[in-house]
Amino acid sequence: MAATTENLPQLKSAVDGLTEMSENERSGFINLVSRYLSGEAQHIEWSKIQTPTDEIVVPYEKMASVSEDVSETKNLLDKLVVLKLNGGLGTTMGCTGPKSVIEVRDGLTFLDLIVIQIENLNNKYGCKVPLVLMNSFNTHDDTQKIVEKYTNSNVDIHTFNQSKYPRVVADEFVPWPSKGKTDKDGWYPPGHGDVFPSLMNSGKLDAFLSQGKEYVFVANSDNLGAIVDLKILKHLIQNKNEYCMEVTPKTLADVKGGTLISYEGKVQLLEIAQVADEHVNEFKSIEKFKIFNTNNLWVNLKAIKKLVQADALKMEIIPNPKEVDGVKVLQLETAAGAAIRFFDNAIGVNVPRSRFLPVKATSDLLLVQSDLYTLVDGFVTRNSARTNPSNPSVELGPEFKKVANFLSRFKSIPSIVELDSLKVSGDVYFGSSVVLKGKVTVTAKSGTKVEIPDGAVIENKDINGPEDL
């Protein structure tokens, strides 16, 4: 039987007995559940969707550039806080602890690169841009230890925890921890839409406002392209935009990504989950919906405070049903990008693809560790020797899924500047100084091993066994 609002009183009294939750967490959770049960989801009428104009989704190249004047730049940066979403674990890549401590390149982790970037800004312009990490209960303890290594850097690092909500046992609609599930698996962090109330509840938001900060730049910690951009910051301050979402043109790899639309006079995010089945193909088409959300967000701090206090941020609820230890549970989440429609004068900015370089799997790691990129001052920049604007498509088999296994299968990362696509499956090893060009597939049949020799140059070739080398 589906849960209804009649389940609320029972859930509420169970939640009152969960001492691990703060008052803010209790009210936030009950609020989310009651919204979910009342079925208040916004219905999108497909015929009312309009493509946003250049006033609403501003082309990046039309934004005014920032002058070379150091004092003007310092002035801008003095108003900025950088916040990285640091709640995710590296488990999908076979790593323990926060994902942000996976080594990306030259022995440096995501977090190292972020700190180096901000430290360079602070040193160059004599400003004090702080770095804030939003952790989850999964990453908090480890992160506290890790940030100690940056004590002597020229960056003030702040951390706070996002909310901790109880998973709900689906068939009884009660919190799992109330049923004796006391370990971490009884709980979940409710998505990054929680960044706004959690930043406020942590006391950090008021502290930054009192220091004269005006904007927060929010991004995923695994997006190597999400670096501070002065042009965007200057535009927002000048035009008094309370919220800005960076979008970038879709490729065939991004067809499921959320897009910005104009709807009833407001700009808003449209996610695939909100689209009725008969419109899904149209949603995925690159013709009608040309852009997608990078989750690089710029938000005015005073506006966040005003909206959180008014309890006005009612983002679309994402129900995430899971099965954990054989128990069907439900977790309700929200996304930060969906908040765009609650802010005044909100815009998107259509940025170059270079600002979206997420590392979600070892195939992405192969790209960023290769000669396709170089590392300068903590910034990962693309090699100009590659003429093709898009990156090669890389598919690695399950043998490469974990970072440790991935690293053990490459003596060194191959040169891929001239690669179009690579598909590897089976027990495959790469020697050092290998060069891959065009379309390459390497398949080791079951029970066989394929070793690509040192210095091999492979161009437009299918390798199905040692005899093809």
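No experiment lies behind these values; they were computed from the predicted model shown.

A. Up close: empty space enclosed by the protein. For the coordinates displayed, the defined rule picks out 2 cavities of 30 Å³ or more. Taken together, Lys84, Phe110, Leu113, Ile114, Gln117, Asn220, Ser221, Asn223, Leu224, Ala226 and Gly378 make up the full set of residues lining the largest cavity. In this model, the second largest cavity occupies a volume close to 30 Å³. For the second largest cavity, the full set of lining residues is Phe29, Val168, Phe173, Tyr188, Leu330, Gln331 and Leu332. Sorting elements by how many residues they give to the lining of the second largest cavity places strand S17 (residues 327-333) first, with 3 residues. A class-by-class count of the residues in the lining of the second largest cavity yields 6 nonpolar, 1 polar and no charged.

B. Inspection of the packing of aromatic side chains at higher detail. Within this structure, the stated rule accounts for 11 aromatic pairs. For the ring pair phenylalanine 217 and tryptophan 298, a centre distance of 4.1 Å and an interplane angle of 15° mean the geometry is stacked. Here the residue phenylalanine 217 occupies a position in strand S11 (residues 215-220), and tryptophan 298 occupies one in strand S15 (residues 291-300), the gap between them amounting to 81 residues. Considered together, phenylalanine 217 and tryptophan 298 belong to a single accessibility category, that of buried residues. Here a set of aromatic residues connected by ring pairs shows up, and it is made of Phe400, Phe406, Phe410 and Phe430. Across from the ring centre of phenylalanine 400, 5.4 Å away, lies the NZ or CZ of arginine 409, which sits over that ring. Between lysine 449 and the ring centre of tyrosine 429, over which it is positioned, the NZ or CZ distance is 4.9 Å.

C. Local environment of the environment of proline 398. Tracing the chain through its elements places proline 398 in the loop between strand S21 (393-396) and helix H12 (403-408). Given the relative accessible area of 68%, proline 398 is considered exposed. Each C-alpha atom, one on proline 398 and one on serine 425, is 7.7 Å from the other, the two residues being 27 residues apart in sequence.

D. Broad picture of the layout of surface pockets. Quantified by volume, the second largest pocket comes out at close to 600 Å³. Surrounding the second largest pocket, 27 residues form its lining, Gly28, Tyr165, Asp194, Pro197 and Asn201 being those nearest its centre. Elements with a contribution of two residues or more to the lining of the second largest pocket: helix H2 (23-37), helix H6 (195-201) and helix H10 (301-309). Taken together, the residues that form the lining of the second largest pocket break down as 9 nonpolar, 13 polar and 5 charged.

E. Spatial organisation of the sheet that holds strand S5 (residues 131-135). Taking strand neighbours across the sheet as the criterion, the 8 strands line up as S1-S18-S12-S15-S11-S2-S5-S6 in an open arrangement whose pairing is mixed. Looking at the sheet topology across the chains shown, the edges are occupied by strand S1 (57-59) and strand S6 (157-161). When strand polarity is set aside, the average angle formed by the axes of neighbouring strands in this sheet is 25°. Packed on one face of the sheet, helix H5 (residues 140-147) meets strand S2 (80-86), S5 and S6 and runs near 155° to S5. The sheet contacts of H10 involve S2, S11 and S15, and relative to S15 the element is tilted by about 90°.

What counts, and at which threshold
Residue positions are counted from 1 within each chain, in the order its sequence is given. Local features in this predicted model are restricted to residues whose pLDDT is 70 or higher, and side-chain atom pairs enter the listing and the counts only when it is 80 or higher, whereas totals over whole chains, interfaces and linings include all residues. Heavy atoms throughout the structure, all of them, feed into the side-chain values; hydrogens and water do not. A 1.4 Å probe that fits but cannot get out identifies a cavity on a 1 Å grid over protein atoms alone, an open set with protein on both sides within 12 Å along at least five of seven lines counts as a pocket, and a residue lines either if it has an atom within 4 Å of a point. Grid points are joined across faces, edges and corners, and a volume is the space filled by probe spheres set on the points. Strands here mean DSSP runs of E at least two residues long; helices mean DSSP runs of H or I at least four residues long; both are numbered from the N terminus. Amino acids are sorted into nonpolar (Ala, Val, Leu, Ile, Met, Phe, Trp, Tyr, Cys and Pro), charged (Asp, Glu, Lys and Arg) and polar (every other residue, Gly among them). Pairing of aromatic side chains here covers Phe, Tyr and the six-membered ring of Trp, requires ring centres within 6.5 Å, and sorts the geometry by plane angle: under 30 degrees stacked, over 60 edge-to-face, intermediate tilted. Burial status follows relative accessibility: with a 1.4 Å probe on protein chains alone, a residue under 20% of its type maximum counts as buried, one over 50% as exposed, and anything between as partly exposed. Think of it as a cone above the ring: NZ of Lys or CZ of Arg counts as a charge over the ring if it is within 6 Å of the ring centre and within 35 degrees of the ring normal. DSSP-based pairing: two strands are paired if at least 2 bridges between them are found. Structural elements are reduced to axes, namely lines fitted to C-alpha atoms, with helices fitted over the stretch in contact, and the angle between N-to-C directions of any two is expressed from 0 to 180 degrees. Contact criterion: two residues are considered in contact whenever any of their non-hydrogen atoms come within 4.5 Å of each other.

These figures come from the coordinates and say nothing about function on their own.
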